[in-house]
Amino acid sequence: MPDTLTQLLLFALGILGLYYGAEWLVRGAGRLARGWGVSSLTIGLTVVAFGTSAPELAVGVFSAVNGEPELALGNVVGSNVMNIALILGLTALLLPVEVGAGVIRREIPVMILVTLATALFALDGSIGPGDALLLLALFAAYFWVVFRGPRRGRQEESEYDEFVQGSDAGGPPATVWVNLGLVLIGIVVMIVGARILVAAAIFFARRLGLSEMVIGLTIVAIGTSLPELATALVAVWRKKSEIAVGNIVGSNVFNLCAILGATALIAPIPVSRDVLSVEFVQMTAISVVLLPLAWPKGGFQAIDEGPAYRLHRSEGILLLGLYVLFALTIFVRAGRI
């Protein structure tokens, strides 16, 4: 019992380390980027989206180093499902969520293609170094499109600017050294938090008789998705819900390409037939279903005419129901229900 209580405290400490480490990293990097003249839109598409996925990256790397790459896979799959089904579902339940034309035309289809490509790479039973290089190449291509692809409209740029200016990342600029310090402290705190979280998760997996995959799909995924949840709630509350969707879609692409790619370079990730035929299918289906749910009810012309909310409470309830089904499937297959 003392060991269990200690590991519970360490697990909670690890989650706090990931959350605050990511927050400090995003805040410092955002201020540095603005100080160097980088647009708020670019910050939103890169620093915010990738910064909120930093906990998953830290967990993935430490899982591979500790010889538990399945934990990293479970974390990525669980986080991607949670980002769409739970976080977007919850935000849509609170307030209607607007999805921009650019996100519908580009980001969501890219996320679906990356999800399908990852499943294709895993068909042989593992994601190895060769697959990792392809995933990282896909991520580089996505990153290039963000910077060199079609530019967003002025209205979308203005929304990102208002959001960043209203956040800590867009606050009064501190000195360069202070912001660099925030970035470095954030990275260190995340690394320590990830190491503690992974060790505690492995402890509970073995104590409860659950696989690292199950722990990664559920508890660890929830813990590492806290930055996405916080960003989504703040964005929706400020009536900038498009940023919440863009951040989640960008984070999912980062999770699949950069995190699985980096993890598989360190250690091949085994993918069982059961995981491929159940959890991967669920992740892909939830990614695909987001497109028709987000599609403008009045066509793309409705976007040009003004705000057209496309994720209402009914869609939010549907997404939340899909997450409940996902979680139930995991525990039923694990023999816990």
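What counts and what doesn't
Residues numbered from 1 in each chain as written. Predicted model: local features only at pLDDT ≥ 70, side-chain atom pairs only at ≥ 80, totals over all residues. Heavy atoms only, no water. Helix = DSSP H or I, 4+ residues; strand = E, 2+ residues; numbered from the N terminus. Buried < 20%, exposed > 50% of the residue type's maximum accessible area, 1.4 Å probe, protein only. Contact = heavy atoms within 4.5 Å. Areas by Shrake-Rupley, 256 points an atom, 1.4 Å probe, with all protein chains shown as cover. Phe/Tyr/Trp six-rings, centres within 6.5 Å; stacked < 30°, edge-to-face > 60°. Axes fitted to C-alpha atoms, helices over the stretch in contact; angles between N-to-C directions. Parallel < 35°, antiparallel > 145°, perpendicular 65-115°, else oblique. Left-handed = near helix turned anticlockwise from the far one by under 90°. Nonpolar A, V, L, I, M, F, W, Y, C, P; charged D, E, K, R; others polar. Expected span 1.5 Å × (residues − 1). Bend = angle between axes of the 7 residues up to and from the residue. Salt bridge = Lys/Arg side-chain N within 4 Å of Asp/Glu carboxyl O.

1. Notes on the overall build of the protein chain
Along the protein chain, the regular secondary structure elements total 15 helices and 2 strands. Across the 337 residues in the protein chain, those meeting the buried criterion constitute 56%. Expressed as a percentage of contacts within the protein chain between residues at least 6 apart in sequence, the contacts between residues at least 24 apart total 87%. Of the roughly 14200 Å² of accessible surface on the protein chain, 69% is carried by carbon and sulfur atoms.

2. As for the packing of aromatic side chains
Counted under the stated rule, the structure contains 6 aromatic pairs. Here the aromatic rings of Phe-11 and Phe-204 are separated by 6.3 Å at their centres, their planes lie at 80°, and the arrangement is edge-to-face. Taken together, the residues span a long stretch of sequence, with Phe-11 in helix α1 (residues 2–35) and Phe-204 in helix α8 (residues 176–208) at a distance of 193 residues. Each member of the pair Phe-11 and Phe-204 is classed as buried. Seen from their ring centres, Phe-203 and Phe-204 are 5.4 Å apart, and the 75° between their planes marks the pair as edge-to-face. The class for Phe-204 is buried, based on a relative accessible area of 13%. Through successive ring pairs, a cluster of aromatic residues spans Phe-11, Phe-203 and Phe-204.

3. Focus on the packing of helix α3 (residues 54–65) against α8
Orientation of α3 relative to α8, taken along the N-to-C sense of each, is 55°, at an axis distance of 9 Å. When the interaxial angle is binned, α3 and α8 end up oblique. The element α3 and its partner α8 pack so that their crossing is right-handed. In contact with Ala-54, Pro-55, Ala-58, Val-59, Phe-62 and Ser-63 of α3, α8 contributes Met-190, Ile-191, Ala-194, Arg-195, Leu-197 and Val-198. When grouped by side-chain class, the residues that make up the contact of α3 with α8 number 10 nonpolar, 1 polar and 1 charged.

4. Points about the environment of Ala-267
Tracing the chain through its elements places Ala-267 in the loop between α11 (241–266) and β2 (269–270). Overall, Ala-267 belongs to the buried group, its relative accessible area being 14%. Residues Ala-267 and Ala-64, spaced 203 residues apart in sequence, show a C-alpha to C-alpha distance of 5.6 Å. Residues within four places of Ala-267 in sequence aside, it is in contact with Ala-64 and Pro-69.

5. Some remarks on the side chain of Ser-287
With respect to the helices, strands and loops of the structure, Ser-287 is situated in helix α13 (residues 279–294). Apart from the residues within four sequence positions on either side, Ser-287 is in contact with Ile-84, Met-111, Ile-112 and Thr-115.

6. Looking at α3
With 12 residues, α3 should cover 16 Å at 1.5 Å per step; its first-to-last C-alpha distance of 17 Å lies within 8% of that length. Burial within α3 is extensive, with 9 of its 12 residues counted as buried. Listing the buried residues of α3 in full gives Ala-54, Pro-55, Glu-56, Ala-58, Val-59, Gly-60, Phe-62, Ser-63 and Ala-64. Positive phi appears at Gly-67, one or two residues downstream of α3, with a value of about 75°.

7. Considerations on helix α9 (residues 212–224)
With 13 residues, α9 extends only 15 Å from end C-alpha to end C-alpha; this falls clearly short of the ideal 18 Å at 1.5 Å per step. At Thr-218, α9 shows its strongest bend, of approximately 30°. By the criterion of burial, α9 is predominantly enclosed, with 11 of the 13 residues buried. When α9 is considered as a whole, its buried residues turn out to be Glu-212, Met-213, Val-214, Ile-215, Gly-216, Leu-217, Thr-218, Val-220, Ala-221, Gly-223 and Thr-224.

8. As for the environment of Leu-9
Take Leu-9: it is sitting in helix α1. Sequence separation between Leu-9 and Ala-200 is 191 residues, and the spatial gap between their C-alpha atoms is 9.1 Å.

9. Digging into the pattern of salt bridges
One pass over the full model with this rule turns up 1 salt bridge. For Glu-279, the salt bridge goes to Arg-333, with nearest N and O atoms at 2.6 Å. With a gap of 54 residues between them, Glu-279 in helix α13 and Arg-333 in helix α15 (residues 313–333) connect regions that are remote in the sequence. Among the residues examined, Glu-279 registers a relative accessible area of 2% and is labelled buried.

10. Thoughts on the side chain of Asn-75
Turning to its location among the elements, Asn-75 is positioned in helix α4 (residues 69–94). Exposure remark for Asn-75: the relative accessible area of 0% places this residue in the buried category. Apart from the residues within four sequence positions on either side, Asn-75 is in contact with Glu-56, Val-59, Gly-216, Leu-217, Val-220, Ala-221 and Thr-224.

Everything listed here is a matter of geometry and, on its own, says nothing about what the molecule does.
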